[in-house]
Protein chains: 2
Amino acid sequence: MDFHGGNIYRIFREKNITEILDYSSNINPYGVPESLRRKITENIGILERYPDPDYVELREKLAKLNNVDISNITVGNGATESIFLFMKVLKPEKVLIVSPTFGEYERAVKAWDGSEIRKIEIEYFELEEKDEFLLNIRKLKKELKKKYDLLIICNPNNPTGKFLKMAETEEILRECNKYDTKLFIDEAFIEFLEDGLKESIVNSEENKKNLFVTRAFTKFFAIPGLRLGYGIYFDKNLEKKIAEKKEPWSVNNIAEMAGITVLDDVEYIEKTLKWITKEKKYMYEKLNEILGIKAYKTEVNFICVKIKDEQASKGMTVKKLKGKMLERGILIRDASNFKFLDERFFRMAIKDRRSNDRIIRVLKEILAERG
Amino acid sequence: MDFHGGNIYRIFREKNITEILDYSSNINPYGVPESLRRKITENIGILERYPDPDYVELREKLAKLNNVDISNITVGNGATESIFLFMKVLKPEKVLIVSPTFGEYERAVKAWDGSEIRKIEIEYFELEEKDEFLLNIRKLKKELKKKYDLLIICNPNNPTGKFLKMAETEEILRECNKYDTKLFIDEAFIEFLEDGLKESIVNSEENKKNLFVTRAFTKFFAIPGLRLGYGIYFDKNLEKKIAEKKEPWSVNNIAEMAGITVLDDVEYIEKTLKWITKEKKYMYEKLNEILGIKAYKTEVNFICVKIKDEQASKGMTVKKLKGKMLERGILIRDASNFKFLDERFFRMAIKDRRSNDRIIRVLKEILAERG
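Residues numbered from 1 in each chain as written. Chains lettered and ligands numbered in written order. Predicted model: local features only at pLDDT ≥ 70, side-chain atom pairs only at ≥ 80, totals over all residues. Heavy atoms only, no water.

## Some remarks on the relation of the copies chain A and chain B
Of the transformation placing chain A onto chain B, the axial shift is 0.0 Å and the rotation is 180°, giving an RMSD of 0.0 Å. Accordingly, the operation relating the two chain copies is best matched by a two-fold axis. Both copies present the same face, since 100% of the interface residues in chain A are matched by interface residues at the equivalent positions in chain B. (Least-squares fit on C-alpha atoms with pLDDT ≥ 70 in both. Contact = heavy atoms within 4.5 Å.)

Encoded structure:
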């Protein structure tokens with residue numbers, strides 16, 4: 001399996017190495033919060049109990065954070081489980097995916113079993129390079145007239161790093177409501193924006209019956225190995241169906257405990273926001289100083305980069321670049337398999353200043369070799 | 001949700017308590033192995049990486065343990081995930097479940113989406129009380145002539161505690177092969193038998209294309225909160241389908257590490273086998289000394305008990321008994337909602353001698369009150 005291109009284990013096995021500077025996965029460089037390390041060490045005994053199948057304590061905490069009712073929250077094994085769960089329940093047959101974006105949505109749409117029985121039609125709404133990958137809402141509204149069952153948006157968007165504020169997502173939701181089109185928004189990276197949670201569509205006063213949102217603990221709290229995410233939905237009629245389709249105990253005790261613990265770690269949250277606010281600006285500027293590449297402005301902790309024509313004409317592709325970076329112990333994300341992107345595009349995480357400076361230096365050297 | 005009747009969290013919330021002697025869930029009383037405690041404490045940093053999506057190290061270990069190829073192994077979030085996964089892939093429409101047994105099989109059969117489209121026929125093959133709940137293979141073979149898509153057996157069986165040795169499961173597999181009936185065997189408790197793994201159907205020399213087996217780490221290694229189990233299958237044609245239906249990263253890093261660690265903890269495994277071999281005999285004998293109940297002989301770490309007519313005629317039901325036990329801080333498993341059982345039946349874990357003596361004393365007192 002090759003999810004996200006971030007399968008470092010395969011690289012480890014193939015190259016017979018065990019260390020790499022992994023810029024292909026977008027994890028907070030501060031690492032596992034100290035508060036969580038302590039909590040786990042002191043509470044390993046909780047493994048001797050089954051998790052609470054209803055996850056009441058964690059769901060209450062998340063409900064409070066988002067100013068919704070506990071019945072609006074479903075927790076999952078990573079955001080992934082909630083994405084798959086929503087698709088299993090919604091069973092959309094005509095889907096519009098705003099792209100380029102995270103590939104797992106398409107996989108989740110195709111995975112609901114009916115796909116083998118009914119034909120599922122998936123269309124892609126293009127975020128255009130000429131618009132700097134910003135969403136053209138006017139155009140999208142026109143497209144929505146085709147009455148989709150479901151519109152999928154990643155916000156902030158992976159891999160382009162752009163964010164739609166509430167005024168914009170609200171406009172889209174209103175339009176979806178006109179046609180009874182469900183709106184699924186993945187907010188896996190929203191915490192990396194200082195006003196992210198405030199600008200989430202979850203706070204909208206619109207009718208949210210058609211709205212489905214997922215969030216992840218993975219990236220912001222640097223615990224991708226723990227698998228914890230959640231979904232927010234507002235259609236009361238779906239409660240029973242969601243309970244039926246959900247496999248029991250998918251979130252383990254340590255993940256549950258983590259969710260309850262890290263949300264209170266104000267110090268970690270604040271230092272992370274301070275770091276990313278500064279570092280995303282730094283990376284954007286420094287990358288654009290390198291000849292032969294263009295970095296797109298980002299709102300979050302990864303950045304989308306294009307190899308410019310001047311380099312491309314000399315035969316530089318992202319595949320070649322990735323290989324050369326790997327020789328120097330750095331892994332970047334080849335973005336050529338994202339819909340509407342090609343072999344000129346790659347994505348990089350944003351990490352601590354020292355690592356960022358290293359990747360900038362290495363990129364500069366590799367591109368200069370060919371200049 | 002009310003899985004297994006083991007939702008102690010709901011009881012905690014309703015009764016506003018936080019401690020209970022939980023005889024409703026069947027967990028090794030030795031608790032989390034020391035080797036695993038140490039491993040987790042020293043390796044919390046692994047949470048900063050995504051799990052290996054292919055779980056190669058863990059699957060190799062399990063393949064070796066079971067003398068099969070790594071391609072025969074699929075790991076899951078508890079045995080539950082593998083049960084649900086097999087059903088999603090097999091999509092059985094005519095199913096025979098040997099009962100009374102664990103309720104999750106029926107739920108998994110019903111959960112594959114087609115169930116909303118096609119009608120699923122579920123039949124139950126009765127383990128009869130008059131046979132001490134032993135499986136009547138001759139009768140089962142006759143029933144199999146009806147050409148089921150799938151036969152489900154829990155072995156050792158929950159809640160009856162009976163075990164079919166390989167000679168018996170092989171006879172059943174041979175019969176299934178005649179009709180191309182798939183055979184699903186859940187071996188979640190097999191490690192509690194001294195010769196369990198040796199007597200597993202996995203070692204059979206029969207054609208195993210129709211065989212699907214699940215195992216759990218949960219019970220034997222006392223880590224139900226960690227969620228780790230696996231499936232073993234032999235039909236090469238299903239490999240791709242299983243990969244498609246499986247949600248990514250469902251086993252988190254700590255669970256993966258646990259799997260790799262605890263299988264090597266020979267000391268823990270040996271002391272557990274020593275304890276259960278002695279204690280299951282003790283509980284069986286002591287419980288049968290109590291007037292008014294009958295305990296069924298068990299091969300594993302739980303025991304099925306019936307309230308005899310002499311007590312039932314005085315109005316004693318398992319619901320009443322459970323309530324009275326709970327007043328004394330002990331939770332037992334009401335088994336009346338198992339198919340073919342009624343309000344006379346309950347199930348109890350087998351724990352350490354001190355706790356076992358306590359539950360025996362309390363049971364004796366409660367039943368004497370009414371005598």
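Having put the structure on the table, let's press on.
## Overview of the environment of Glu-168 of chain A
Residues and elements named next belong to chain A. On the secondary structure map, Glu-168 appears in helix H7 (residues 166-179). Classification of Glu-168 as partly exposed rests on a relative accessible area of 29%. C-alpha separation for the pair Glu-168 and Lys-198, spaced 30 residues apart in sequence, amounts to 13 Å. In this structure, Glu-168 is in contact with Ile-137 and Phe-163, ignoring residues within four places of it in sequence. (Helix = DSSP H or I, 4+ residues; strand = E, 2+ residues; numbered from the N terminus. Buried < 20%, exposed > 50% of the residue type's maximum accessible area, 1.4 Å probe, protein only.)

## Quick notes on the interface of chain A and chain B
Contact residues are listed per partner, giving 61 residues for chain A and 61 residues for chain B. Carbon and sulfur atoms supply 56% of the area buried between chain A and chain B, which totals about 5800 Å² over both sides. Taken together, the connections running from chain A to chain B amount to six salt bridges. Along the contact surface separating chain A from chain B lie 24 residue pairs in polar contact (both at pLDDT 80 or more). Elements represented by at least two residues in the side of chain A that touches chain B include exactly helix H1 (8-15), helix H2 (34-42), helix H4 (78-90), helix H5 (104-111), helix H8 (239-245) and helix H9 (253-262) of chain A. Tallying contributions element by element places H1 of chain A first for the side of chain A that touches chain B, with five residues. Here the residues of the side of chain A that touches chain B sort into 25 nonpolar, 14 polar and 22 charged. (Buried area = accessible area lost by both parts, 1.4 Å probe. Salt bridge = Lys/Arg side-chain N within 4 Å of Asp/Glu carboxyl O. Polar contact = N/O pair within 3.5 Å; in protein donor to acceptor, adjacent residues only side chain to side chain. Nonpolar A, V, L, I, M, F, W, Y, C, P; charged D, E, K, R; others polar.)

## A short note on the sheet that holds strand E5 (residues 150-154) of chain A
By definition, the strands of a sheet pair up through backbone hydrogen bonds, in either a parallel or an antiparallel sense. All names here are of chain A. Spatially, seven strands are ordered E2-E8-E7-E6-E5-E3-E4 in an open sheet, and the strand pairing comes out mixed. Two strands in the sheet have a free side with no partner beyond their single neighbour: strand E2 (73-76) and strand E4 (121-126). The average angle at which neighbouring strand axes cross in this sheet is 20°, direction not considered. Note that strand E3 (residues 94-99) and E5 share three bridges and pair parallel. Note that in E5 the partner of Ile-97 across the bridge is Ile-152. Strands E3, E4 and E5 of the sheet are contacted by helix H6 (residues 137-144), whose axis makes an angle of about 170° with E3. (Pairing = 2+ DSSP bridges. Axes fitted to C-alpha atoms, helices over the stretch in contact; angles between N-to-C directions.)

## Some thoughts on helix H10 (residues 266-289) of chain A
Residues and elements named next belong to chain A. Here H10 spans 35 Å end to end across 24 residues, near enough to the 34 Å set by a 1.5 Å rise per residue. Buried within H10 are the following residues: Tyr-268, Thr-272, Leu-273, Trp-275, Ile-276, Glu-279, Lys-280, Tyr-282, Met-283 and Leu-287. On the buried face of H10, the contacting elements are strand E9 (293-295), strand E10 (302-307), strand E13 (345-349) and helix H13 (353-369). (Expected span 1.5 Å × (residues − 1).)

## A closer look at the packing of aromatic side chains
Summed over all chains, the structure comprises 38 aromatic pairs over all chains. Ring geometry for Phe-133 of chain B and Tyr-296 of chain B: centres 4.9 Å apart, planes at 65°, overall edge-to-face. One end of the pair, Phe-133 of chain B, is in the loop between strand E4 (121-126) and helix H6 (137-144); the other, Tyr-296 of chain B, is in the loop between strand E9 (293-295) and strand E10 (302-307), with 163 residues separating them in the sequence. Each member of the pair, Phe-133 of chain B as well as Tyr-296 of chain B, carries the same accessibility label: buried. Taking the centre distance of 4.8 Å and the plane angle of 75° together, the rings of Phe-189 of chain B and Phe-302 of chain B count as edge-to-face. Remark: Phe-302 of chain B occurs in strand E10 and Phe-189 of chain B occurs in the loop between strand E6 (182-186) and strand E7 (211-216); sequence separation between them is 113 residues. One aromatic cluster is present, formed by Tyr-30, Phe-189, Phe-192, Phe-217, Phe-220, Phe-221, Tyr-230, Tyr-268, Trp-275 and Phe-302 of chain A through successive ring pairs. Directly above the ring of Tyr-148 of chain B sits Lys-94 of chain B, whose terminal nitrogen or CZ lies 5.2 Å from the centroid. The ring centre of Tyr-124 of chain B lies 4.4 Å from the NZ or CZ of Lys-339 of chain B, which sits over that ring. (Phe/Tyr/Trp six-rings, centres within 6.5 Å; stacked < 30°, edge-to-face > 60°. Lys NZ or Arg CZ within 6 Å of the ring centre and 35° of its normal.)

## Quick notes on the packing of H6 of chain A against H7 of chain A
Residue and element names in this part refer to chain A. Where H6 meets H7, the axes come as close as 10 Å, and the angle between the chain directions of the two elements is 15°. In terms of their interaxial angle, H6 and H7 are classed as roughly parallel. Between H6 and H7 lies a crossing of right-handed hand. On the side of H6, the interface is formed by Ile-137, Leu-140, Lys-141 and Leu-144, while H7 contributes Glu-168, Glu-171, Ile-172, Glu-175, Cys-176 and Tyr-179. (Parallel < 35°, antiparallel > 145°, perpendicular 65-115°, else oblique. Left-handed = near helix turned anticlockwise from the far one by under 90°.)

## What about the sheet that holds E6 of chain B?
Residues and elements named next belong to chain B. The mixed open sheet is built from seven strands, whose spatial order is E2-E8-E7-E6-E5-E3-E4. Since the sheet does not close on itself, it has two edges, and those belong to strand E2 (73-76) and E4, each with one partner. Neighbour to neighbour, the strand axes of the sheet diverge by 20° on average, direction disregarded. Sitting on the sheet, helix H5 (residues 104-111) touches strand E3 (94-99), E4, strand E5 (150-154) and E6, and the angle it makes with E4 is about 160°.

## Some thoughts on the domain arrangement of chain A
All names here are of chain A. Parsing chain A into structural domains produces domain 1 (8-31 + 266-369) and domain 2 (34-262). Once you take the C-alpha centre of each, domain 1 and domain 2 turn out to be 26 Å apart. Buried area between domain 1 and domain 2, summed over both chains or domains, comes out near 2500 Å², and the portion from carbon and sulfur atoms is 67%. The interface formed by domain 1 and domain 2 includes three salt bridges. With a closest N to O distance of 3.8 Å, Arg-344 and Glu-129 form a salt bridge. At the junction of domain 1 and domain 2, the tally comes to nine residue pairs in polar contact (both at pLDDT 80 or more). Elements that contribute at least two residues to the side of domain 1 that touches domain 2 include exactly H10, E10 and E13. (Domains from an automatic or database assignment.)

## Details of the state of the cysteines
Note on terminology: disulfide describes a covalent bond linking the sulfur atoms of two cysteines. Residues and elements named next belong to chain B. Across all of its chains, the model carries zero disulfides over all chains by this definition. Summary of cysteine pairing: Cys-154 is not part of a disulfide, and the nearest cysteine sulfur, belonging to Cys-304, is at 13 Å. Of all cysteine sulfurs, the one in Cys-154 lies closest to Cys-176, which takes part in no disulfide; the gap is 16 Å. Here Cys-176 falls in the buried class, since its relative accessible area comes to 0%. (Disulfide = S-S within 2.5 Å.)

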